[in-house]
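Fold and geometry: a report
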Amino acid sequence: MTHLGRVFLAMILIGLLLGPGTSAVPARESDPCARADARLLSTGRGDRDQDGLSNCTEKKLLGTSPRDYDTDDDGVSDADELDDGTDPTDPDTDDDGLDDGEEEGRGCDPTDDDTDDDGTMDGSDCDPGDDLKERIEGNATDVVCPSGDTAGSLTVLGIPVMLTSETAFEGVESCDAFKTQQEASGGAHVEVKVTGDLGAGLVAEEVEIEDGDDDGCPDDSDDEDDGPGTDDGEAD
């Protein structure tokens, strides 16, 4: 929040404490909107869009529209944006791909482009209680299962992902079973939940098999008699 915003909010709070009819800040030549703000506090007049900001303050000091309750149309009123420390003229204050109102609705911080500090901006991953970096979906190839203290790996969409003894495999009993199925099908379609930083490498937390035989029919609707590599297409 700008210094001006803090001063103005303080003026509002002081005015409320002093009660109606009392100006929190006397009019000053250096403040072109002091009289308008005092009038709004004492009479409730001079706020065309009823957002809690005087027409003068919006027009001359903030650059917001005195005719629009939410100038940047992000779902948060101009006055609330000052209170939240966001920019009432920019729908996406932190430039992370999510409008300020949407971030607040999801429980994210509209002033922080990576609320959960996991290396991915909120526009792609907005869950403060989740340390997962992202999900990668595609055909899994080059599967090497972990052995003892040695990490394994797989490749999805050309992205190498590390497999550890903690990696969970949904739909099969183990990494070895997954590898056997993957090799038979030539590249099972999977969704991988990964953690870590792209610069340091990704670690798979969970590998969920979407289409074990890669026949275009997801496993949850595939014919149970089909085996890996069976191409039944849309027959199921």
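On a predicted model such as this, the values are computed, not experimentally measured, just so you know.

**Details of the overall build of the protein chain**
Within the protein chain, the secondary structure is distributed over six helices and six strands. When its helices and strands are written in sequence order, the protein chain yields α-α-α-α-α-β-β-β-β-α-β-β. Here the protein chain, with 236 residues, has 40% of them falling under the buried criterion. A sequence separation of at least 24 residues applies to 38% of the contacts in the protein chain between residues at least 6 apart. In the form shown here, the protein chain has an accessible surface area of approximately 12,700 Å², with 46% of it arising from carbon and sulfur atoms.

**What to know about the confidence of the model for the protein chain**
For the protein chain, per-residue confidence averages 77 on the pLDDT scale, and 69% of positions sit at 70 or higher. Within the protein chain, the lowest mean pLDDT, 49, falls on helix 1 (residues 3-18), and the highest, 93, falls on helix 3 (residues 55-62). The low-confidence segment residues 20-28 (pLDDT under 50) makes 14 contacts with residues lying over four places distant or belonging to another chain. Here residues 220-236 is a poorly scored stretch, pLDDT under 50, and it has 27 contacts once near neighbours within four places are set aside; other chains count.

**Digging into the packing of aromatic side chains**
Taken as a whole, this structure holds one aromatic pair when the rule is applied. Each ring, one from phenylalanine 169 and one from phenylalanine 178, has its centre 5.5 Å from the other, and the planes form 35 degrees; the classification is tilted. Phenylalanine 169 gets classed as buried once you look at its relative accessible area, which sits at 12%.

**A word on the nonpolar core**
Core analysis: the biggest nonpolar cluster contains 20 residues, and Leu154, Val161, Leu163, Phe178, Val190, Val192 and Val207 have the highest contact counts within it. Secondary-structure elements contributing two or more residues to this core are strand 1 (134-144), strand 2 (152-156), strand 3 (159-163), helix 6 (175-185), strand 5 (189-197) and strand 6 (201-211). Ranked by the residues each element gives to this core, the list is headed by strand 6, at four residues. Sequence-distant contacts of valine 161, that is, excluding residues within four places in its chain, are made with Ile136, Gly152, Ser153, Leu154, Val192, Val194, Leu202, Val203 and Ala204.

**Notes on helix 6**
What helix 6 keeps buried is the set Cys175, Phe178, Gln181, Gln182 and Ser185. Taken down its axis, helix 6 places every buried residue within 125 degrees of arc, on the same side. With respect to the buried face of helix 6, the exposed residues turned more than 90 degrees away are Asp176, Thr180 and Glu183. Looking one or two places after helix 6, you find glycine 186, whose phi comes out positive at around 85 degrees.

**Digging into the side chain of aspartate 51**
Positionally, aspartate 51 belongs in the loop between helix 2 (34-43) and helix 3. A distance of 3.0 Å separates a polar side-chain atom of aspartate 51 from the backbone nitrogen of leucine 53. Excluding residues that lie within four positions of it along the chain, aspartate 51 makes contacts with Glu58, Asp68, Tyr69, Asp78 and Ala79.

**A look at the pairing of strand 3**
Regular strands have side chains that alternate between both faces of the sheet. Here strand 2 runs beside strand 3; their pairing, made up of five bridges, is antiparallel. Bridging from a neighbouring strand, serine 153 pairs with methionine 162 of strand 3. Between strand 2 and strand 3, which pair antiparallel and follow one another directly, the connecting turn spans two residues, one of which, leucine 157, has a positive phi of 55 degrees.

**Some points on the pattern of salt bridges**
Scanning the model with the defined rule gives two salt bridges in all. Where glutamate 206 meets lysine 193, a salt bridge forms, and the shortest distance between an N and an O atom there is 3.6 Å. Here glutamate 206 is found in strand 6, whereas its partner lysine 193 is found in strand 5, with 13 residues between them in sequence. A relative accessible area of 16% means that glutamate 206 is categorised as buried. Among the residues examined, lysine 193 registers a relative accessible area of 18% and is labelled buried.

Calculation rules
Residues numbered from 1 in each chain as written. Predicted model: local features only at pLDDT ≥ 70, side-chain atom pairs only at ≥ 80, totals over all residues. Heavy atoms only, no water. Helix = DSSP H or I, 4+ residues; strand = E, 2+ residues; numbered from the N terminus. Buried < 20%, exposed > 50% of the residue type's maximum accessible area, 1.4 Å probe, protein only. Contact = heavy atoms within 4.5 Å. Areas by Shrake-Rupley, 256 points an atom, 1.4 Å probe, with all protein chains shown as cover. pLDDT = per-residue confidence, 0-100. Phe/Tyr/Trp six-rings, centres within 6.5 Å; stacked < 30°, edge-to-face > 60°. Core = buried A, V, L, I, M, F, W, Y, C linked by side-chain atoms within 4.5 Å. Arc of directions from axis to C-beta. Polar contact = N/O pair within 3.5 Å; in protein donor to acceptor, adjacent residues only side chain to side chain. Pairing = 2+ DSSP bridges. Salt bridge = Lys/Arg side-chain N within 4 Å of Asp/Glu carboxyl O.

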